[in-house]
Amino acid sequence: MEYKIEDVTGTFNGQITKNLGNNEYLIKIGSDEHNLRILAMDSKGIEFILDQKYHKVKYLENTTSQMNMVVDGVPMKIGMNSQFDSIVYKNSGGGDSANSQTNLHSQIPGKVVSINVGEGDSVKKGDVVCVLESMKMQVSIKAHKDGNVRKIKVKTGGSVAKNDVLAEIE
């Protein structure tokens with residue numbers, strides 16, 4: 001995911017370059033790489049450690065193209081320039097190697113906003129199976145292959161963790 005951060009001192013661009021697992025990431029800001037570990041995250045904010053320094057973020061009103069927040073007491077705006085849906089789709093089994101895999105997994109924690117298919121429905125690769133909300137952003141989770149929905153494993157309004165099975169598609 002790429003992002004752009006603006007505050008009173010300027011603007012810089014960054015990119016998450018590697019998922020290290022266990023909520024840890026390698027990110028690149030300019031030409032420098034940094035370690036990021038997410039400690040807690042919900043719809044109201046996030047707590048994280050960036051290069052061994054603790055930070056707390058409180059989310060304010062957001063739009064689809066911009067997140068308004070307070071970071072360690074400083075108001076900031078983050079402009080999203082993201083292919084978030086496609087990244088989640090790829091990481092949830094949207095790549096060719098996943099065509100034989102039955103389970104559709106969530107690659108993000110979140111709340112189930114809607115379920116767009118029913119058990120027994122036929123889906124094509126790329127069809128929206130459900131929509132999750134994470135960090136006040138709605139993300140469409142898409143089928144990783146053509147097939148029939150054997151089982152829906154989540155309910156509208158329910159919470160999911162990273163790697164939870166959302167549906168079985170055979």
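Cut-off values and rules
- Position numbers for residues start from 1 in each chain and track the written sequence from start to end.
- The predicted nature of this model means local features are confined to residues of pLDDT at least 70 and side-chain atom pairs, given and counted, to a pLDDT of 80 or more, with totals for whole chains, interfaces and linings taken over all residues.
- Think of the side-chain values as coming from all heavy atoms in the structure, minus any hydrogens and water.
- For helices the rule is a DSSP run of H or I covering at least 4 residues; for strands it is a run of E covering at least 2, with both sets numbered from the N terminus onward.
- Any residue under 20% of the maximum accessible area for its type is buried, any over 50% is exposed, and the rest in between are partly exposed; the area is computed with a 1.4 Å probe on protein chains only.
- Under the rule applied, a polar contact is a pair of N or O atoms within 3.5 Å (in protein, one hydrogen donor and one hydrogen acceptor; residues adjacent in sequence only if both atoms are side-chain atoms).
- The quantity known as pLDDT measures the predictor's confidence residue by residue, on a range of 0 to 100.
- In what follows, a contact means two residues having at least one pair of non-hydrogen atoms within 4.5 Å.

**A word on the environment of Lys-136**
Step number 1: Mapped onto the secondary structure, Lys-136 falls in the loop between strand 12 (128-134) and strand 13 (137-142).
Step number 2: Look at Lys-136 and you get partly exposed, because its relative accessible area is 36%.

**Let's talk about the side chain of His-105**
Step number 1: For His-105, the location among the structural elements is in strand 9 (residues 103-105).
Step number 2: Within the structure, His-105 has its side chain in polar contact with the backbone oxygen of Asn-163 (distance 3.0 Å).

**Structural notes on the confidence of the model for the protein chain**
Step number 1: Here the protein chain averages 76 in pLDDT, while 74% of its residues score no lower than 70.
Step number 2: Across residues 1-9 the pLDDT falls below 50, and counting only partners more than four positions away or on other chains, this stretch makes 36 contacts in the model.
Step number 3: Below a pLDDT of 50 lies the segment residues 82-99, which in the model reaches 39 contacts outside its immediate sequence neighbourhood of four places, other chains included.

**With respect to unusual backbone geometry**
Step number 1: A positive phi angle, close to 55°, is found at Asn-22, a residue other than glycine.
Step number 2: Among the secondary structure elements, Asn-22 is positioned in the loop between strand 2 (10-21) and strand 3 (24-29).
Step number 3: Of note, Asp-51 is a non-glycine position whose phi angle comes to about 50°, a positive value.
Step number 4: Its place among the elements puts Asp-51 in the loop between strand 5 (45-50) and strand 6 (53-62).
Step number 5: Since its relative accessible area comes to 37%, Asp-51 is described here as partly exposed.

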